[in-house]
Amino acid sequence: MFSMQAIGYVKSPYKQAREVPKGLGAKHEAEGVLEIFPEFELGLTDIEGFSHLFVIWVFDRSERFELLGTPPSDNRPHGVFATRSPRRPNPIGLTVVELLRREGSRLHVRGVDMLDGTPILDLKPYLSSVPPEQLRRGWLAEAEARA
Ligand SMILES: C[S@@+](CC[C@H](N)C(=O)[O-])C[C@H]1O[C@@H](n2cnc3c(N)ncnc32)[C@H](O)[C@@H]1O
């Protein structure tokens, strides 16, 4: 077992899961605020230099997990670890956001897909080192081609 504590919460325009854009071509451009607790503010030192961040967070409103599920972007089932489903054995979410500005321990960001009040576990600078031509998009590319 592991024990973790939230380092802060997401302030998001989405109060309900159905409000978050879903499915093929869904764009995540909503702005929100990552409100980091004051005791962790020192850990934000130098974060302003990064354009994008990984936000690691908890699906705190997911109640169960499904090892196989049909995502909104396809009509075929896929394994949970081949999707970004909220119904996972360990309910951990990962979102890349654009850092717009920092106000002390508040980070204004674009690209939230979390519900308002979602607990944040960690932040890391986003650094992509995989050349686009080496990326394979699995069943998602097939679903996009069929659409
Ligand atoms: C498909 S998941 C992807 C989340 C993240 N980008 C990832 O890949 O881990 C996004 C969905 O999670 C759901 N969601 C967002 N915040 C949640 C929370 N705190 N608890 C449970 N479900 C949540 C919403 O329904 C949203 O449409």
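Just above, that's the structure.
Residues numbered from 1 in each chain as written. Predicted model: local features only at pLDDT ≥ 70, side-chain atom pairs only at ≥ 80, totals over all residues. Heavy atoms only, no water.

Enquirer: So what's going on with the environment of Glu142? Residues and values would help.
Expert: Residue placement: Glu142 occurs in helix α1 (residues 138-146). Through-space distance from the C-alpha of Glu142 to that of Asp74 is 9.2 Å; in sequence the pair is 68 residues apart. (Helix = DSSP H or I, 4+ residues; strand = E, 2+ residues; numbered from the N terminus.)

Enquirer: Break down the sheet that holds strand β7 (residues 106-110) for me, with residues and values.
Expert: Pairing in this closed barrel of six strands is antiparallel, and the strands run β1-β2-β7-β6-β3-β8 around the ring. On average, each strand axis in the sheet is inclined to that of its neighbour by 45°, with strand direction left out of account. Direction of pairing for strand β3 (residues 52-58) relative to strand β8 (residues 119-125): antiparallel, over a ladder of five bridges. Paired with Trp57 across the two strands is Ile120, which belongs to β8. (Pairing = 2+ DSSP bridges. Axes fitted to C-alpha atoms, helices over the stretch in contact; angles between N-to-C directions.)

Enquirer: Requested: an account of the site of the ligand, with residues and values cited.
Expert: Taken together, 18 residues lie near the ligand, and Asp60, Arg84, Leu94, Asp113 and Thr118 sit nearest. Between the ligand and Lys22 there is a distance of 3.3 Å, counted from an oxygen atom to a side-chain nitrogen or oxygen. Take Arg61: an N or O atom from its main chain is 3.0 Å from a nitrogen atom of the ligand. For the ligand, whose unbound accessible area comes to 600 Å², protein coverage reaches 87%. For the shell around the ligand, the secondary-structure elements that each account for two or more residues are β3 and β6 (92-103). (Near = heavy atom within 4 Å. Polar contact = N/O pair within 3.5 Å; in protein donor to acceptor, adjacent residues only side chain to side chain. Areas by Shrake-Rupley, 256 points an atom, 1.4 Å probe, with all protein chains shown as cover.)

Enquirer: Help me get a handle on the pattern of salt bridges, residues and values and all.
Expert: Scanning the entire structure with this criterion turns up 14 salt bridges. One salt bridge connects Arg106 with Glu35, and the closest N-O pair in it is separated by 2.5 Å. Of this pair, Arg106 sits in strand β7 while Glu35 sits in strand β2 (residues 31-36), and the two are 71 residues apart along the sequence. Under the relative-accessibility criterion, Arg106 is labelled partly exposed at 31%. Put simply, Glu48 and Arg102 hold a salt bridge, and the shortest N to O gap is 3.2 Å. (Salt bridge = Lys/Arg side-chain N within 4 Å of Asp/Glu carboxyl O. Buried < 20%, exposed > 50% of the residue type's maximum accessible area, 1.4 Å probe, protein only.)

Enquirer: Please set out the pairing of strand β1 (residues 8-11) residue by residue, giving values where relevant.
Expert: Note that β1 and β2 share four bridges and pair antiparallel. Across the sheet, Val10 pairs through a bridge with Leu34, a residue of β2. Where β1 and β8 come together, two bridges link them in antiparallel fashion. Pairing of Tyr9 across the sheet is with Pro119, part of β8.

Everything listed here is a matter of geometry and, on its own, says nothing about what the molecule does.
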